[in-house]
Amino acid sequence: MRFRSISSAPNTRQADKWFDSDLAFHRLYPVDIQMLARRHWTPLHIARLASQFLAQHSRARILDIGSGAGKFCLASAYYKPQAQFTGVEQRIHLVDIAESAKGILDLNNLEFVHGNFTQIDFRSFNAFYFYNSFYENLIREDRIDESIDYSSELYHYYCRFLFQKLEEMQPGTRLVTYHSLEDEIPPSYELKETHAEGLLKCWEKK
Ligand SMILES: C[S@@+](CC[C@H](N)C(=O)[O-])C[C@H]1O[C@@H](n2cnc3c(N)ncnc32)[C@H](O)[C@@H]1O
């Protein structure tokens, strides 16, 4: 006779209900932040695909460059509990919102840092996620708010800076871009996979 062990019972985590849909997830946020979601925060199915590629082993340390309200990091930390995620975000109020969502979800494999990505030590990471964070410098309709200065010079400066940082990384470094114009991607990164009709691209440094 065979017995079912207790450990074979379904593993329902406290956070599960928030990941039923994007709509459910957005209820973690205040209404004004929910309103920005369609244009600015990574959809759950995209975070699942991206984290699948980025968190290839248990030593994966992933940086989200411009983490906003934290959706990519929160979702990826939930999908990939063995990997470590860090989000860096220039807007302090978005960092606060991400922190409060992290508290509700009770996830412990992620952190949020307030600051400019140019202040981050890239050598602490072996994988990167980039959702076209500098684009708001080019397109007025893409601005999240009026709390910062925008310019096309800043867009080009940030792209050059990120390009250089990615170029300095070790072979095998992984990168996922979503909606990118690819100005920040060095030619040493090889395209490995594309999804979402080409909007999501998975790269690896040669
Ligand atoms: C399109 S949102 C993506 C948010 C998040 N990665 C996600 O997918 O849910 C881009 C974010 O990058 C941030 N950002 C833009 N330039 C930045 C910089 N130089 N340093 C840090 N954050 C930046 C913006 O404030 C914005 O919140």
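Report follows, based on the coordinates. Keep in mind that what you see is a predicted model, and the values were worked out from it rather than measured.

Strand order in this open sheet of 7 strands is β3-β2-β1-β4-β5-β7-β6, and the pairing throughout is mixed. The open sheet terminates on both sides in strands that have one partner only, identified here as β3 (110-114) and β6 (189-195). Across the sheet, the mean angle separating the axes of adjacent strands is 20 degrees when strand polarity is ignored. The sheet contact formed by strand β2 (residues 84-89) and β3 spans 5 bridges and is parallel. Along β3, the bridge assignment pairs F85 with L110. Its contacts with the sheet put helix α4 (residues 44-54) on β1 (61-65), β2, β4 (127-130), β5 (174-178), β6 and β7 (200-205), and the angle it makes with β5 is roughly 165 degrees.

This next bit is on the site of the ligand. In the neighbourhood of the ligand, 24 residues make up the surrounding shell, with T42, D64, G66, E89 and R91 lying closest. Here a nitrogen atom of the ligand sits 2.8 Å away from a polar atom, N or O, in the side chain of D64. One of the side-chain nitrogen or oxygen atoms of S133 is found 3.4 Å away from an oxygen atom of the ligand. Bound to the protein, the ligand loses 98% of the 600 Å² it would expose on its own.

This brings us to unusual backbone geometry. One non-glycine residue, E182, adopts positive backbone phi at about 70 degrees. Along the chain, E182 turns up in the loop between β5 and β6. For E182, a relative accessible area of 30% gives the class partly exposed. Despite not being glycine, A196 has its phi angle at roughly 50 degrees, a positive value. Structurally, A196 is set in the loop between β6 and β7. Under the relative-accessibility criterion, A196 is labelled partly exposed at 33%.

Cut-off values and rules
- Residues numbered from 1 in each chain as written.
- Predicted model: local features only at pLDDT ≥ 70, side-chain atom pairs only at ≥ 80, totals over all residues.
- Heavy atoms only, no water.
- Pairing = 2+ DSSP bridges.
- Helix = DSSP H or I, 4+ residues; strand = E, 2+ residues; numbered from the N terminus.
- Axes fitted to C-alpha atoms, helices over the stretch in contact; angles between N-to-C directions.
- Contact = heavy atoms within 4.5 Å.
- Near = heavy atom within 4 Å.
- Polar contact = N/O pair within 3.5 Å; in protein donor to acceptor, adjacent residues only side chain to side chain.
- Areas by Shrake-Rupley, 256 points an atom, 1.4 Å probe, with all protein chains shown as cover.
- Buried < 20%, exposed > 50% of the residue type's maximum accessible area, 1.4 Å probe, protein only.

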